[in-house]
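Spelled out from the first residue to the last, the chains are:
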Amino acid sequence: ADEIITTDVVIVGAGPCGLFAVFELGLLDIRAHLVDILPKVGGQCAELYPEKPIYDIPGFPVVTGQGLVDNLIEQIKPFGPTFHLNQMIQALEPTGTAEAPRFRVVTDAGTVFDTKTVLIAAGGGSFQPKKPPIPGIDAYEGKSVFYAVRKMEAFRGRDVLIVGGGDSALDWTLNLQPIARRVTLMHRRDDFRAAPHSVEQMRALVASGQMDMKLGQVTGLRGEGSTLEAAICRDAAGETFEIACDTLLPFFGLTMKLGPIADWGLNLNENLIPADTEKFETSTPGIFAIGDINTYPGKLKLILSGFHEAALAAQKVHRYVYPDKRLTFQYTTSSTSLQKKLGVA
Ligand code: FAD
């Protein structure tokens, strides 16, 4: 059986709001486990606009998406959060009472949490890969077709066809080339959106005969059951050809989908989770919602709103975690007790 992690709070989503919640909870002596389906932290800031400038973070006239994430990671370091990346929270079931809530939270990788509270900071929902419109592709998924690489070793000795022209396609081409039996990269046109350095490395491997690059699109798949034998492709001139392969890795970008959150028994309003504005608690006591995923009168989907929501939610989480302790309001500037927690006093 899987080991069960017992904790005070599980944070669903490691975007900017989930990350800052670690700080506000940490000041109140509450340690957090964060789960994100992405292989990295930072949510939309890191995934959608790492190099774009943000101009409305209080105190930072300008900071890039990734810059903000890096600063948040630095800021929450004293509180040693545990990250569970590459995992989607699938199931959330109440196991306690309204006065003493408890929840069993399970990820698609089999991690199980027994937690007093849950903080949903799931943004626009979980990032999920866009599927290419290839007829019959479903039959091969999980055996021959994969939208993410979880373990590179799984592709040792295989004939891999990678499709796409962005960073994921190029990065996995370069990473799997030494491991796979043969790697072929296919893209619609001879123009890549990926980092120029990766494109150069790929072209060098093609020039020295260590991998193949083909222009075209996959229009069909041929195989037995879930075992792929070849991809049927078409080039810009409309010519059809086949590429023999036992593995297809399409990298067509990510979309945000609400995902399993819809099944957790929470009231929803147009795919958002209504929360009160005093403690940002949902219709289920002990479950909180902060950041882009929540809704209330006047809500603005701004990072600064999510930061404020994290601070208020943390106060109520404290009541559940330490029902007998009183909370006194303190400034980080002048409280030696808070400064000790931050490791600066
Ligand atoms: P997100 O950043 O969306 O992160 C949520 C995370 O939760 C994701 O990583 C997702 O994978 C994960 N997740 C969801 N469901 C699950 C699940 N079931 N299991 C595991 N993980 C899950 N805001 C500003 O304030 N100023 C700006 O200038 C600004 N510019 C922007 C520019 C662009 C191009 C975009 C797209 C957005 C911009 N925003 C801006 C909005 C800002 O990025 C969002 O408000 C912010 O990212 C919300 O943070 P969050 O933590 O709530 O959610």
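Residues numbered from 1 in each chain as written. Predicted model: local features only at pLDDT ≥ 70, side-chain atom pairs only at ≥ 80, totals over all residues.

So, the overall build of the chain
For the chain, the helix and strand inventory stands at 7 helices and 20 strands. Considered along the principal axes of its C-alpha atoms, the chain spans approximately 70 × 45 × 40 Å. The buried share of the chain, taken over its 345 residues, is 35%. A separation of at least 24 residues holds for 60% of the contacts in the chain among residues at least 6 apart in sequence. (Helix = DSSP H or I, 4+ residues; strand = E, 2+ residues; numbered from the N terminus. Buried ≥ 20, exposed ≤ 12 C-beta atoms within 10 Å, placed from the backbone. Contact = placed C-beta atoms within 7 Å.)

Things to note about the UniProt feature "domain: FAD/NAD(P)-binding" (unreviewed entry) in the chain
Cross-referencing UniProt, the feature "domain: FAD/NAD(P)-binding" (unreviewed entry) maps to residues 8–297 in the present numbering. As annotated, residues 8–297 has a helix share of 18% and a strand share of 32%, and its two end C-alpha atoms lie 29 Å apart. (UniProt positions renumbered as here; feature names shortened; annotations may be inferred.)

Remarks on the sheet that holds strand β10 (residues 159–163)
Here 4 strands make up an open sheet; going across it, the order is β12-β11-β10-β16 and the pairing parallel. Each end of this open sheet is capped by a strand with a single partner; those strands are β12 (212–215) and β16 (247–250). Pairs of neighbouring strands in the sheet enclose a mean axial angle of 20 degrees, with direction left out of account. As paired elements, β10 and β16 share 4 bridges and run parallel to each other. (Pairing = 2+ DSSP bridges. Axes fitted to C-alpha atoms, helices over the stretch in contact; angles between N-to-C directions.)

Description of the confidence of the model for the chain
Low pLDDT means the predicted coordinates in that region are not meant to be read closely. A residue-level look at the chain finds 99% of positions with pLDDT of 70 or above and a mean pLDDT of 96. Confidence estimates for the predicted assembly give a pTM of 0.85 and an ipTM of 0.99. (pLDDT = per-residue confidence, 0-100.)

Side note on the packing of helix α4 (residues 167–176) against helix α5 (residues 196–207)
Relative orientation of the contacting elements α4 and α5 amounts to 45 degrees, with a least axis distance of 10 Å. One element, α4, and the other, α5, form an angle in the oblique class. Every pair of crossing elements has a handedness; the one defined by α4 and α5 is left-handed. In this structure, α4 uses Leu170, Asp171, Thr173 and Leu174 to contact α5, whose residues at the interface are Ser198, Val199, Gln201 and Met202. Taken together, the residues of the contact of α4 with α5 sort by class into 4 nonpolar, 3 polar and 1 charged. (Parallel < 35°, antiparallel > 145°, perpendicular 65-115°, else oblique. Left-handed = near helix turned anticlockwise from the far one by under 90°. Nonpolar A, V, L, I, M, F, W, Y, C, P; charged D, E, K, R; others polar.)

Digging into the site of the ligand
Near the ligand you find 37 residues, and of these Gly13, Gly15, Gly43, Gly123 and Gly291 are the closest. Taken together, the residues of the shell around the ligand break down into 21 nonpolar, 12 polar and 4 charged. (Near = placed C-beta within 6 Å.)

Some words on α4
For α4, the set of buried residues is Ser168, Ala169, Leu170, Trp172, Thr173 and Leu176. Buried residues in α4 make contact with β10, β11 (182–187), α5 and β16.

A few points about the UniProt feature "binding site: FAD" (unreviewed entry) in the chain
As annotated by UniProt and renumbered to match this structure, "binding site: FAD" (unreviewed entry) occupies Cys17, Asp36, Gln44, Tyr49, Ile89, Phe127, Asp292 and Thr333. Look at the named residues: they lie 317 residues apart in sequence, and the longest C-alpha span between them is 37.5 Å, so in the fold they stay spread out. Within the secondary structure, Asp36 sits in strand β2 (residues 32–36). A count of 29 C-beta atoms within 10 Å places Asp36 in the buried class. When near neighbours in sequence (up to four residues on either side) are disregarded, Asp36 contacts Gly13, Ala14, Val41 and Leu85. Mapped onto the secondary structure, Thr333 falls in the loop between α6 (303–321) and α7 (336–341). Among the residues examined, Thr333 registers 7 C-beta atoms within 10 Å and is labelled exposed.

Side note on the sheet that holds strand β13 (residues 217–224)
Strand pairing in a sheet is mediated by backbone hydrogen bonds. Such pairs are either parallel or antiparallel. Strand order across the open sheet formed by 3 strands is β13-β14-β15, with antiparallel pairing between neighbours. The open sheet has two edge strands, β13 and β15 (240–244), and neither has a second partner. In this sheet, adjacent strand axes meet at a mean angle of 30 degrees when their direction is disregarded. As judged from the 5 bridges shared by strand β14 (residues 227–234) and β15, these two strands associate in the antiparallel manner. If you follow Ala231 over to β15, its bridge partner there is Ile243.

Quick notes on the nonpolar core
Ranked by size, the top nonpolar core spans 52 residues in total, and within it Ala21, Leu119, Ile120, Ala121, Phe288 and Ile290 carry the most contacts. Not counting chain neighbours up to four residues away, the residues in contact with Ile290 comprise Cys17, Ala21, Leu119, Ala121, Phe280, Gly306, Glu309, Ala310 and Ala313. Residues Tyr140, Val160, Leu228 and Leu249 belong to the second largest nonpolar core, which totals 28 residues. (Core = buried A, V, L, I, M, F, W, Y, C linked by C-beta atoms within 7 Å.)

Here we look at the pairing of β11
Taken across its 6 residues, β11 has 5 buried, putting it largely inside the fold. Where β10 and β11 come together, 5 bridges link them in parallel fashion. The partner of Leu161 across the bridge, within β11, is Thr184. The β-α-β motif built from β10, the intervening α4 and the parallel element β11 has right-handed crossover chirality. The sheet contact formed by β11 and β12 spans 4 bridges and is parallel. For Met186, the partnering residue across the bridge sits in β12 and is Lys214. Between the parallel elements β11 and β12, the chain passes through α5 in a crossover that is right-handed. (Right-handed = clockwise from strand over helix to strand, strands pointing away.)

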